[in-house]
Amino acid sequence: VGLGAGVLQALEGPAEVQAAQNLLQQHWELLANHTCLQGPALRRLIEGIIQAYKSGVTLQGNTTSLGRWDFSGSFFFSISAITTIGYGNLSPSTVAGRIFCILFALFGIPLNLVLLNEIGQLMLLGVQHCAHRLEEVFHWQKKASLLVKTCALVTGLLLFLLLPPLLFSDKEGWSYEEGFYYSFVTLSTIGFGDYVIGMNPDRTYPGWYKNVISLWILFGMAWLALVIKFCINLLE
């Protein structure tokens, strides 16, 4: 942990300082070029924009962008809550919504763990069944198990980590590296929130998009948990 902290400080510290300097420079340039603006009024506007963004509202010209709390957006938020990903880019702003979110998570998180365990067991049974069939047909023993596990690993890598960034590049305009980063951060439930699908107000998303990604998250988390468990068994 200490090593990770030191490396991240060395890598991200200078970028943070540069970003702060750029923000201050833009702030003073804006006030200098628009003398009618007052510092306190500008700060209130910025705070209002930040609070509106947290509530899912963004500016689009002279209008505002809504839709983050439609059914598909709410469904995706529910998935991020019960899987404990918690991107942090969107949260309930009403008292009733926060209370419901607490109760929903209290019941939803344990049930989701049960669901992920069942999905993982089904995947494991499928792998074991394929290995057993290969042993019967080709009279392989250890080779069949190793071959099937390797195929399952490669298939999982393709479906959950290597191919999804291509979809994100098309729908979100991200680079492949950004899409791969989002895939891993999401499936590992780290959920920094710096990249979240379906949040760009300048893009139009199909209705199935968030629902399909929600299913991808559930099955991908189950697959990644199996891979981590397999790696732990190898280390032991």
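The structure reproduced in this document is the subject of the present report. (Residues numbered from 1 in each chain as written. Predicted model: local features only at pLDDT ≥ 70, side-chain atom pairs only at ≥ 80, totals over all residues. Heavy atoms only, no water.)

1. Concerning helix H6 (residues 164–172)
Taken residue by residue, H6 has Pro164, Pro165, Phe168 and Glu172 as its buried positions. All buried residues of H6 fall inside an arc of 95° around its axis, so they share one side. Looking at H6, the residues exposed on the side facing more than 90 degrees away from the buried face are Leu166 and Asp170. Backbone geometry just downstream of H6 places glycine 173 in the positive-phi region, at approximately 80°. (Buried < 20%, exposed > 50% of the residue type's maximum accessible area, 1.4 Å probe, protein only. Helix = DSSP H or I, 4+ residues; strand = E, 2+ residues; numbered from the N terminus. Arc of directions from axis to C-beta.)

2. Here we look at the nonpolar core
Counting residues in each nonpolar core, the largest one holds 26 residues, and the members touching the most others are Phe76, Phe168, Tyr182, Ile197, Ile213, Trp216 and Ile217. Those elements giving two or more residues to this core turn out to be helix H3 (71–82), helix H4 (95–138), helix H5 (142–162), helix H7 (176–187) and helix H8 (209–235). No other element matches the nine residues that H8 contributes to this core. Setting aside residues no more than four positions away along its own chain, phenylalanine 76 makes contact with Tyr87, Tyr182, Val196, Ile197, Lys210, Ile213, Ser214 and Ile217. (Core = buried A, V, L, I, M, F, W, Y, C linked by side-chain atoms within 4.5 Å. Contact = heavy atoms within 4.5 Å.)

3. Here's the deal with unusual backbone geometry
The phi torsion at threonine 84 lies on the positive side, around 60°, for a residue other than glycine. Along the chain, threonine 84 falls in the loop between H3 and H4.

4. Looking at the pattern of salt bridges
Scanning all chains against the criterion turns up one salt bridge. Put simply, lysine 171 and aspartate 170 hold a salt bridge, and the shortest N to O gap is 3.7 Å. (Salt bridge = Lys/Arg side-chain N within 4 Å of Asp/Glu carboxyl O.)

5. A few points about a nonpolar patch on the surface
The grouping of Val154, Leu158, Leu159, Leu162, Leu163, Leu166, Tyr176, Phe180, Phe184, Ile190 and Phe192 at the surface amounts to a nonpolar patch, some 970 Å² of accessible area in total. Looking at the nonpolar patch, the elements that each hand over two or more residues are H5 and H7. No other element matches the four residues that H5 contributes to the nonpolar patch. Structurally, phenylalanine 180 can be placed in helix H7. Looking at phenylalanine 180, the relative accessible area reads 32%, which means it is partly exposed. (Patch = residues over 30% accessible without salt bridge, like charges linked within 9 Å, V, L, I, M, F, W, Y side chains within 5 Å. Areas by Shrake-Rupley, 256 points an atom, 1.4 Å probe, with all protein chains shown as cover.)

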